[in-house]
Amino acid sequence: MKVIQISCFIENRPGRLHAACEALAAQRINIHTLSLADTAEFGILRLIVAEPEAGKAALDAAGYVTRQTEVLAVEVPDDAGGLAGILAQADAAQLNIEYMYAFSTAVGARAIVIMRFTEPDRAVAVLQGAGVNLVAPIALLAKA
C-alpha cells in the first residue's frame, strides 16, 4: 500500500517553515507526520497530510515549489530489532531505500516508518510477501 507524500522546497531562513504550516492550517489540512532536511540555502520539507491533493494545492498557492512522491508507511514493531528485521527483508531483495523517517503512535504499541524506495511497487510486493504490514493512508493515525 503506497502513501502520497508532499515534498516542499523551502528556503532555509526564519519564518518559512511557519508560513508553510500556516498555509496548510488555513485550509484545515492536518499534518500526520513530517521531516525537514536542510542545507545552507534551502530545505526539503516532506509531509504526509490528511488530504495530499489539497495540501499540495495550498502550498503551491502560497508560492512553494512542491511535488508528490509515492512512499510506503511500514508498520514496525516498537521494540529493539523491529526495524532491523524489516531492513533485512529489504536488503535480501536488494531494495534501495532513498530515505526514511518515523513516528510512533504510542510507546510500546507500534512505530510507523515512512520509506522511500527506488522501486516502490516491488517494495510493496517484497514486504507484503514477507508478512510486513503496510499501513493505508486512512489508518496512519488509527490506534494500534
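Here, the structure is the one placed above.
Residues numbered from 1 in each chain as written. Predicted model: local features only at pLDDT ≥ 70, side-chain atom pairs only at ≥ 80, totals over all residues. Heavy atoms only, no water.

**Student:** Which residues make up the overall build of the protein chain, and what values do they have?
**Tutor:** Broken down by element type, the protein chain carries four helices and six strands. For 144 residues, the compact-globule estimate of 2.2 N^0.38 gives 15 Å, and the C-alpha radius of gyration of the protein chain, at 16 Å, lies within 12% of that figure. Overall, the C-alpha framework of the protein chain stretches about 40 × 30 × 25 Å when taken along its three principal axes. Buried residues in the protein chain amount to 38% of all 144 residues. A fraction of 69% describes how many contacts in the protein chain between residues 6 or more apart in sequence connect residues 24 or more apart. With an accessible surface of roughly 7,700 Å², the protein chain has 54% of that area assigned to carbon and sulfur atoms. (Helix = DSSP H or I, 4+ residues; strand = E, 2+ residues; numbered from the N terminus. Rg over C-alpha atoms; globule rule 2.2 N^0.38 Å. Buried < 20%, exposed > 50% of the residue type's maximum accessible area, 1.4 Å probe, protein only. Contact = heavy atoms within 4.5 Å. Areas by Shrake-Rupley, 256 points an atom, 1.4 Å probe, with all protein chains shown as cover.)

**Student:** Outline unusual backbone geometry, supporting the account with residue identities and numerical values.
**Tutor:** If a residue is not glycine, its phi is most likely negative; likewise, a peptide bond is most likely trans. Even without being a glycine, arginine 28 presents a positive backbone phi close to 60°. In this structure, arginine 28 sits in the loop between α1 (16–26) and β2 (31–38). Of note, the phi angle at glutamine 94 is positive, near 55°, even though the residue is not glycine. On the secondary structure map, glutamine 94 appears in the loop between α3 (82–92) and β5 (97–106).

**Student:** An account of the pattern of salt bridges is requested, with residue identities and associated values reported.
**Tutor:** Applying the stated criterion to the full structure yields seven salt bridges. Each of Lys2, Glu70 and Asp121 takes part in salt bridges that share partners, so that together they form one network. (Salt bridge = Lys/Arg side-chain N within 4 Å of Asp/Glu carboxyl O.)

**Student:** So what about helix α4 (residues 120–129)? Which residues, and what values?
**Tutor:** By the burial criterion, the buried members of α4 are Pro120, Ala123, Val124 and Leu127. Here the buried residues of α4 occupy an arc of 105° about the axis, which is enough to place them on one side. Of the exposed residues in α4, those oriented more than 90 degrees away from the buried face are Asp121, Ala125 and Gly129. Of the surrounding secondary structure, the elements contacted by the buried residues of α4 are β1 (2–11), β4 (65–76), α3 and β6 (110–117). (Arc of directions from axis to C-beta.)

**Student:** Tell me about the environment of threonine 69, residues and numbers included.
**Tutor:** Mapped onto the secondary structure, threonine 69 falls in strand β4. Considering only alpha carbons, one finds threonine 69 and arginine 116, 47 residues apart in sequence, at a separation of 8.4 Å. Setting aside residues up to four positions removed in sequence, threonine 69 forms contacts with Val3, Ile4, Gln5, Ser7, Tyr99 and Arg116.

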